[in-house]
Amino acid sequence: VVDMARRTAALRDAPLALTVREFDLLAYLMRHPGRAFTRTELLDAVWGWTFGDQSTVTVHVRRLREKVEDDPADPTRIFTVWGRGYRYEVGDA
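Considerations on the nonpolar core
- Grouped together as the largest cluster of nonpolar side chains are 22 residues, with contacts concentrated most on Leu 25 and Leu 42.
- Taken together, the elements giving at least two residues each to this core come down to β2 (8–11), α1 (20–31), α2 (39–47), α3 (55–68) and β5 (85–88).
- Top contributing element to this core by residue count: α1, with six residues.

The following block contains the structure:
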């Protein structure tokens, strides 16, 4: 659950300790469930950068998965779309 007004996030009623950028990334992906975004699109939409090191997106997604996935190696929320980027899927968890 993401509360945009309070800038808080929780998983199973437990608050998540997210950095500003992790929160922004999660909120953006959750606003567009099922849509795959390239790293370039995420850099622009979340970071506001029109250029930059795309590996920063990869690192932030990895850190975010560590906080929101039961098993980050086998994600059920934030998926890698090979050859495209990342997408968020609404799950049962």
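Having put the structure on the table, let's press on.
A few points about the sheet that holds β2
- Ordered in space as β1-β2-β3, the three strands form an open sheet in which the pairing is antiparallel. Edge positions in the sheet fall to β1 (2–3) and β3 (14–15), since each of these pairs with one other strand and no more.
- As paired strands, β2 and β3 are joined by two bridges and run antiparallel to one another. For Ala 10, the partnering residue across the bridge sits in β3 and is Pro 15.

Concerning the environment of Phe 37
- On the secondary structure map, Phe 37 appears in the loop between α1 and α2.
- Classification of Phe 37 by relative accessible area gives buried; the value is 1%.
- The sequence separation of Phe 37 and Tyr 86 amounts to 49 residues, and the corresponding C-alpha distance is 5.4 Å.
- For Phe 37, the contacting residues outside a window of four places in its chain are Tyr 28, Leu 29, His 32, Leu 42, Arg 84, Gly 85 and Tyr 86.

Remarks on the pairing of strand β4 (residues 78–81)
- Sheet topology places β4 next to β5; four bridges connect them, and they run antiparallel. Each bridged residue has a counterpart across the sheet, and for Val 81 the counterpart in β5 is Gly 85.

Rules used throughout
Residues numbered from 1 in each chain as written. Predicted model: local features only at pLDDT ≥ 70, side-chain atom pairs only at ≥ 80, totals over all residues. Heavy atoms only, no water. Core = buried A, V, L, I, M, F, W, Y, C linked by side-chain atoms within 4.5 Å. Buried < 20%, exposed > 50% of the residue type's maximum accessible area, 1.4 Å probe, protein only. Helix = DSSP H or I, 4+ residues; strand = E, 2+ residues; numbered from the N terminus. Pairing = 2+ DSSP bridges. Contact = heavy atoms within 4.5 Å.

Don't take any of this as a statement about function, it's just geometry.
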